[in-house]
Amino acid sequence: QSGHYGREAVVSPQSSHYGRGVEAVNPKPDAVVKEPLALTCRVNGVEVTKDNVKWFKFAPGMEDLSKAQKAYSISDDGLTLTIKKMDAKKEGQFKCVVEKDGKTSEGVFEVALPLKEKDLVEAEKEVVAFVEGQVVKLQCNKLDVITELWWTCNGKRLKAGEGNVRINNKKTYSVLTFRPAKLSDKGTCTCHAKGQGSEDSVDIQVGGVENEVTITSQVDDLTCKQGDKKTACVLGWDVVSTIGTVKVQVCLYKNQKAIKCKKSKVNDGIYTKEFGKKRKPKNSGSYVAKVTVNGKTFISEPINLTITKKEKKKEKSTE
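Residues numbered from 1 in each chain as written. Predicted model: local features only at pLDDT ≥ 70, side-chain atom pairs only at ≥ 80, totals over all residues. Heavy atoms only, no water.

Student: Just checking my understanding: could you explain a negative patch on the surface for this structure?
Tutor: The grouping of D119, E122, E124 and E126 at the surface amounts to a negative patch. Within the secondary structure layout, D119 lies in the loop between β8 (103-111) and β9 (121-123). A residue is classified by how much of its surface remains accessible, and D119, at 58% relative accessible area, is exposed. (Patch = residues over 30% accessible without salt bridge, like charges linked within 9 Å, V, L, I, M, F, W, Y side chains within 5 Å. Areas by Shrake-Rupley, 256 points an atom, 1.4 Å probe, with all protein chains shown as cover. Salt bridge = Lys/Arg side-chain N within 4 Å of Asp/Glu carboxyl O. Lys, Arg positive; Asp, Glu negative; His and termini not counted. Charge placed at Lys NZ, Arg CZ, Asp CG, Glu CD. Helix = DSSP H or I, 4+ residues; strand = E, 2+ residues; numbered from the N terminus. Buried < 20%, exposed > 50% of the residue type's maximum accessible area, 1.4 Å probe, protein only.)

Below you can see the structure in the form of structure tokens.
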């Protein structure tokens, strides 16, 4: 350490006028905030004194450090510059310049504090449980500027649209959806993010149990036209039970509640609700299948129905 406090740093030679030129230790030293940092140059092939050595800082202009005694100190031989107390203002490029007999050689140091670790993402819920066959959603909230975001589950990177995986990235959050969820989806899912010079990730524990009743919607969204006699407007659910006979009703779903429930029709094993030619825009809304088995009630994911207004016929021109 040459008798000087702080860390040593060495710079590879920039020119070779003195044999192997100027050598130093660690061109990119590990700086620690509020701690001293020593930068040491070593000259090979010739003897020099303090008068032959000058230190400069570039950030961005050039500053001669030979008289900056408050923030820096220079050893008796001139070859070690010590930053007394490291902070952001001391970051930048430092040079030791050795000049003798009209010849010059220099060493360069890049001094920077480590990037502060940032929390880029957080989990909406750190533990999520699901029932096999239902839809499960994991949400990762963005806390800062994100340049790249991706999901892994049990170490495997997920791709949107592959199998039962859906990924929806929004400005302030990202949602990973398993539709429908399988028991193989259990484990640890991780939301990974890259920001400006930093990375972060957050784990979500996913637990699942085997379902007694599985309800699968035929569609997520359905749009029908008012007065359209050619196209059927039918909501449908596939229901599988391992614990007994099911009773199925179709309900309007409002404020997280199933209301105005009516017995469903069954067509080729699919439980349905049909909106006939008298359907109107006021029938638009979210609908669910409410399944009752042995006193237990199960509610499906909603299907969003939109009924558009009937187009007015254009009047024929009398011209």
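Student: What am I meant to see in the state of the cysteines here?
Tutor: Cysteine pairs can be covalently joined through their sulfur atoms, and such a bond is termed a disulfide. Counted under the stated rule, the structure contains five disulfides. For C140, the disulfide goes to C191, at an S-S distance of 2.1 Å. Sign of the S-S torsion, about -70° for the bond between C140 and C191, identifies this disulfide as left-handed. In this pair, C140 is assigned in strand β11 (residues 136-142) and C191 in strand β16 (residues 187-194), connecting sequence segments 51 residues apart. Classification of C191 as buried rests on a relative accessible area of 0%. The disulfide partner of C224 is C233, and the S-S distance across this bridge is 2.1 Å. Its S-S torsion of approximately 95° makes the covalent link between C224 and C233 right-handed. We classify C233 as buried; its relative accessible area is 0%. (Disulfide = S-S within 2.5 Å.)

Student: Is there a simple way to think about the sheet that holds strand β15 (residues 173-178) in this case?
Tutor: Paired through their backbone hydrogen bonds, the strands of a sheet run either parallel or antiparallel. Read from one edge to the other, the open sheet built from four strands follows the order β9-β11-β15-β14, with strand pairing classed as antiparallel. Each edge of the sheet is formed by a strand with only one pairing partner; in this case those strands are β9 and β14 (165-169). For this sheet, the mean inter-axis angle between neighbouring strands, taken without regard to orientation, is 20°. In terms of strand pairing, β11 meets β15 through six bridges, oriented antiparallel. (Pairing = 2+ DSSP bridges. Axes fitted to C-alpha atoms, helices over the stretch in contact; angles between N-to-C directions.)

Student: Just to check I follow, could you spell out the nonpolar core for this structure?
Tutor: Considering soluble globular proteins, one finds that nonpolar side chains tend to be buried as a cluster. Within the largest apolar cluster, 23 residues are counted, with the highest numbers of intra-cluster contacts made by V121, L138, W151, L176 and F178. If you list the elements that add at least two residues to this core, you get β9, β10 (127-131), β11, β12 (148-153), β15, β16 and β17 (199-209). (Core = buried A, V, L, I, M, F, W, Y, C linked by side-chain atoms within 4.5 Å.)

Student: I would appreciate a short explanation of the sheet that holds strand β24 (residues 270-274) in the present structure.
Tutor: With antiparallel pairing, the four strands of this open sheet are ordered in space as β18-β20-β24-β23. The open sheet terminates on both sides in strands that have one partner only, identified here as β18 (213-217) and β23 (265-267). Sheet twist, expressed as the mean angle between neighbouring strand axes with direction ignored, is 35°.

Student: What's the story with the packing of aromatic side chains in this structure? I'm lost.
Tutor: How two aromatic rings sit relative to each other is set out by the distance from centre to centre and by the angle between their planes. For the structure on display, the rule yields three aromatic pairs. On the numbers, 5.4 Å between centres and 70° between planes, the contact of F275 with Y287 is edge-to-face. One end of the pair, F275, is in the loop between β24 and β25 (285-293); the other, Y287, is in strand β25, with twelve residues separating them in the sequence. Across the pair, exposure class does not vary: F275 and Y287 are buried alike. (Phe/Tyr/Trp six-rings, centres within 6.5 Å; stacked < 30°, edge-to-face > 60°.)

Student: How should I be thinking about the pairing of strand β7 (residues 92-100) in this particular structure?
Tutor: Every regular strand shows the same layout, with side chains that alternate between the two sheet faces. Relative to β7, strand β3 (residues 53-58) runs antiparallel, the two sharing six bridges. Of the residues in β7, the one forming a bridge with F56 is K95. As defined by bridge partners, β7 adjoins β8 across nine bridges and the pair is classed as antiparallel. Bridged to K100 within β8 is K103. Taking the residues that link successive antiparallel strands as the turn, the β7-β8 hairpin has two residues, and the phi of D101 there is positive, at about 55°.

Student: Can you help me understand the side chain of T177 in this one?
Tutor: If you trace the backbone, T177 turns up in strand β15. Apart from residues no more than four positions distant in its own chain, T177 is found in contact with V135, V136, K137, N164, V165 and R166. (Contact = heavy atoms within 4.5 Å.)

Student: Where do I start with the environment of E110 in this structure?
Tutor: Within the fold, E110 resides in strand β8. Judged by its relative accessible area of 36%, E110 falls in the partly exposed class. Along the chain, E110 and E91 lie 19 residues apart, while their C-alpha atoms are 7.9 Å from each other. Beyond its immediate sequence surroundings of up to four residues, E110 is in contact with P27, K28, P29, G92 and Q93. At a separation of 2.9 Å, a polar atom in the side chain of E110 contacts the side chain of Q93. (Polar contact = N/O pair within 3.5 Å; in protein donor to acceptor, adjacent residues only side chain to side chain.)

Student: I would appreciate a short explanation of the pattern of salt bridges in the present structure.
Tutor: In this structure the tally under the stated criterion is four salt bridges. One salt bridge in this structure joins D87 and K90, with 3.1 Å as the shortest N-O distance. Two residues, E106 and K95, come together in a salt bridge whose shortest N-O distance is 3.3 Å. With E106 in strand β8 and K95 in strand β7, the pair connects residues that are eleven residues apart, well separated along the chain.

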